[in-house]
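Now for the letters of each chain:
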Amino acid sequence: MKFLILLLLSFEVMAQVAQKDCTPTDIRNTNPNIRDSKEMREHFSTPRNQDSIGWCYAFAGADLMSAEMKTPISSLHTSLIYSQYREMSTMDYLKELVDPTPTPIKKYNTRNFKFIKESGFVDIAIIALNQRGRVCAEKALPFDQHLGRTTMSLIRKMEDIKLSVINKKLQEKLVCEEISKVLPDYGLNTLDFEMVSHSLMKDRLDTTLDLMVRQYCKRNIVRVPARTVNSLYPKSATPKNFFDTINQTLNVGRPLAYYYDVKSVATFSGLHASIITARRWNQGKCEYKIRNTWGKSCAYYQKGIDCNREEGSFWLSDEKLKNSSTLVQYLTE
C-alpha cells in the first residue's frame, strides 16, 4: 500500500495539469481568424523552414501577430523591421550619426551575414511591428527552405556590393549597374534599381532590403493591429500559474511563443523559439503541440519525441514544457 501511495504521488508531480484542465483544443478551431479562413488554416498546418538563418524569433512573432489578423504576415519582413527597430533604439544609431560608414557586424550573433543580424526576441519583434503599423503579407513574400537559401544568397550579394564600395573596389557610380545585374535573377526586375542603389550606399542594408520588400509587395502590405506582449517566466511562476496562463491563452485561440534550449528535444543544443498551438490529454499526461520551423524532417529530434512531419510540429508533456522553457510570451489587446 505504501508503495502504491508513493507511486500515485510521483505521478501527480509529473502530470502537472489535471485531465479536467486539459480538454483538447487547437487554435485552428478556436480562433475565428484561422478557423474561418482556408489560407490561415493552411498556413498554420504547413511546415515552416527557417533554413540555417537565425530568424526563429521572426517566425514566432509573425505567427503570433498573424493569429490576430485574417492573413499570414511575412516572417522575412518581420525580421527586417525588427532589425531596423533595434538599431534605431540603441546607441549604435547615435554612433552612426557621427560615423556613417557601415561596418560588418561583429558584436551580434550572426552566422550567415556581415550586416544583417540574426537571433532576436519575439516581444521586440511585436513592438517593432506595432510601431511600423504595416507589414508585407506572407503570400507576397513566402519563406521556405528553397526561398530561404535564395534570400540568403540575395543578401550576401547585396553585402558584397556594399563592401566593394566601402573597400574602394567599386565606384559608387557603378553600383546601379551591379544592382541591375543581380536583382532580375531573383525575380526583382520590377524594382527601381536607382532607388535601391541610392539606399544601399546611404542607408543600412536592412533599410535597403525593407525598401525592396515594400516595393515588391505593393498592394500586399497589410495593417498590423496594436497588441500588448505579456511575458511568463517559468522559473518564478508556480506550475498552476504557468499552465493556467498557457491554457487560458490557448482556450481563446491565441498561440504562445516558447523559448527553450533545443537540447531538451533535439540531438544538439542552441537557443530557439517556437509557438504553442494546441493541447491534448495523452497517456495520463497533458501534452502541448509545438509548431516549429525545421521543415518536415523529424531527424533532428530525440527518440521518443512525437513529431508530426506533415505539419512541422511536435508534442511535449506538461512537465517537459515547463522544465525546458526559459520564457513564454503571448499577446493581448
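Before reading further, recall that the structure is shown in the block above.
Small disclaimer: the values here were computed from a predicted structure and weren't measured. (Residues numbered from 1 in each chain as written. Predicted model: local features only at pLDDT ≥ 70, side-chain atom pairs only at ≥ 80, totals over all residues. Heavy atoms only, no water.)

S.K.: Explain helix 10 (residues 175-182) here, please?
M.R.: Two residues of an α-helix separated by three or four positions point the same way, owing to the 3.6 residues in each turn. Listed in full, the buried residues belonging to helix 10 are Val175, Ile179 and Val182. Projection of helix 10 onto a plane perpendicular to its axis shows the buried side chains occupying an angular sector of 65 degrees, all on one side. (Buried < 20%, exposed > 50% of the residue type's maximum accessible area, 1.4 Å probe, protein only. Helix = DSSP H or I, 4+ residues; strand = E, 2+ residues; numbered from the N terminus. Arc of directions from axis to C-beta.)

S.K.: In this structure, what is going on with helix 13 (residues 239-251)? I would like to understand it.
M.R.: The terminal C-alpha atoms of helix 13 lie 18 Å apart, and with 13 residues this matches the ideal 18 Å at 1.5 Å per residue to within 8%. Among the residues of helix 13, Phe242, Phe243, Thr245, Ile246, Asn247, Thr249 and Leu250 are the ones counted as buried. (Expected span 1.5 Å × (residues − 1).)

S.K.: Help me understand the side chain of serine 325, please; the structure alone is not making it clear to me.
M.R.: Along the chain, serine 325 turns up in strand 10 (residues 325-332). On the accessibility criterion, serine 325 (1% relative accessible area) is buried. Side-chain polar atoms of serine 325 contact the backbone nitrogen of leucine 327, separated by 3.4 Å. If we skip the residues at most four places from it in the chain, serine 325 touches Pro234, Lys235, Phe242, Tyr258, Tyr259 and Tyr260. (Polar contact = N/O pair within 3.5 Å; in protein donor to acceptor, adjacent residues only side chain to side chain. Contact = heavy atoms within 4.5 Å.)

S.K.: What should I look at first to understand the nonpolar core in this one?
M.R.: Proteins that are soluble and globular tend to have nonpolar side chains buried together. Counting 96 residues, the largest nonpolar core has Trp55, Leu183 and Leu321 as the members making the most contacts within it. The leading source of residues in this core is helix 5 (residues 56-66), at eight residues. (Core = buried A, V, L, I, M, F, W, Y, C linked by side-chain atoms within 4.5 Å.)

S.K.: Explanation requested: the pattern of salt bridges in the structure shown.
M.R.: If the charged atoms of two oppositely charged side chains come close together, the side chains can form a pair. Summed over all chains, the structure comprises 18 salt bridges. A salt bridge links arginine 132 to aspartate 210; its shortest N-O distance comes to 3.1 Å. Of the two residues, arginine 132 is situated in helix 8 (residues 122-132) and aspartate 210 in helix 12 (residues 205-217); the sequence distance between them amounts to 78 residues. Since its relative accessible area comes to 29%, arginine 132 is described here as partly exposed. According to the relative accessible area criterion, aspartate 210 is buried, its value standing at 2%. (Salt bridge = Lys/Arg side-chain N within 4 Å of Asp/Glu carboxyl O.)

Functional significance is not addressed by these values, which are geometric in nature.
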